[in-house]
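Take a look at the letters that make up each chain.
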Amino acid sequence: MTTATPTSSSRELPHPAREEIRLESVLHALSDPMRLQVVRELAADGDELSCSHFDLPVTKSTTTHHFRVLRESGVIRQVYRGTAKMNGLRRDDLDDLFPGLLASVLTAAARQAVRLGGG
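Residues numbered from 1 in each chain as written. Predicted model: local features only at pLDDT ≥ 70, side-chain atom pairs only at ≥ 80, totals over all residues. Heavy atoms only, no water.

As annotated in an unreviewed UniProt entry, the protein carries the name Transcriptional regulator and comes from Streptomyces flaveus.

A word on the side chain of His66
Within the element layout of this structure, His66 appears in helix H3 (residues 60-73). Under the relative-accessibility criterion, His66 is labelled buried at 6%. (Helix = DSSP H or I, 4+ residues; strand = E, 2+ residues; numbered from the N terminus. Buried < 20%, exposed > 50% of the residue type's maximum accessible area, 1.4 Å probe, protein only.)

Looking at the nonpolar core
Where a protein is soluble and globular, its nonpolar side chains tend to be buried together. Core analysis: the largest hydrophobic core is formed by 24 residues, its most contacted members being Val39, Val75 and Leu89. Broken down by secondary-structure element, the contributors of at least two residues to this core are helix H1 (23-30), helix H2 (33-45), H3 and helix H5 (101-115). In terms of residue count, the dominant contributor to this core is H2 (6 residues). With residues up to four places along the chain from it excluded, the contact list for Val75 reads Val26, Ala29, Leu30, Val39, Leu70, Gly88, Leu89, Arg90 and Leu94. (Core = buried A, V, L, I, M, F, W, Y, C linked by side-chain atoms within 4.5 Å. Contact = heavy atoms within 4.5 Å.)

Structural notes on the packing of H2 against H3
H3 packs onto H2 with a crossing angle of 65° between their chain directions and a minimal axis gap of 10 Å. Comparing their axes, H3 and H2 come out roughly perpendicular. Note on packing geometry: the crossing formed by H2 with H3 is right-handed. On H3, the residues that touch Met34, Arg35, Val38 and Val39 of H2 are His65, His66, Phe67, Val69 and Leu70. The residue inventory of the contact of H2 with H3, partitioned by class, reads 6 nonpolar, 2 polar and 1 charged. (Axes fitted to C-alpha atoms, helices over the stretch in contact; angles between N-to-C directions. Parallel < 35°, antiparallel > 145°, perpendicular 65-115°, else oblique. Left-handed = near helix turned anticlockwise from the far one by under 90°. Nonpolar A, V, L, I, M, F, W, Y, C, P; charged D, E, K, R; others polar.)

As structure tokens, then:
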């Protein structure tokens, strides 16, 4: 079941509540290289970033799909700020539910990027 925080905005996007986040969904979301890149950038920035910030080598519709998978799995939170859709990592929720998982995945991804020459 996916719930949204109640607001008066018709542009509110559904997110799973903390207790609804499942490990399998998080691991699936993090298993795709494009989605992992988004998570790495959000973690490095530490703040919200707009969808237009990300320069993924895929079509706009595919990018939208990746953000939806990340949001529906509970990895990110998306909110509209004016006309921009902002993305933030749900680090506190993930760390509380799965201690060390996000840090381990991010460390492993950084090491792999160096090993493969992708920095």
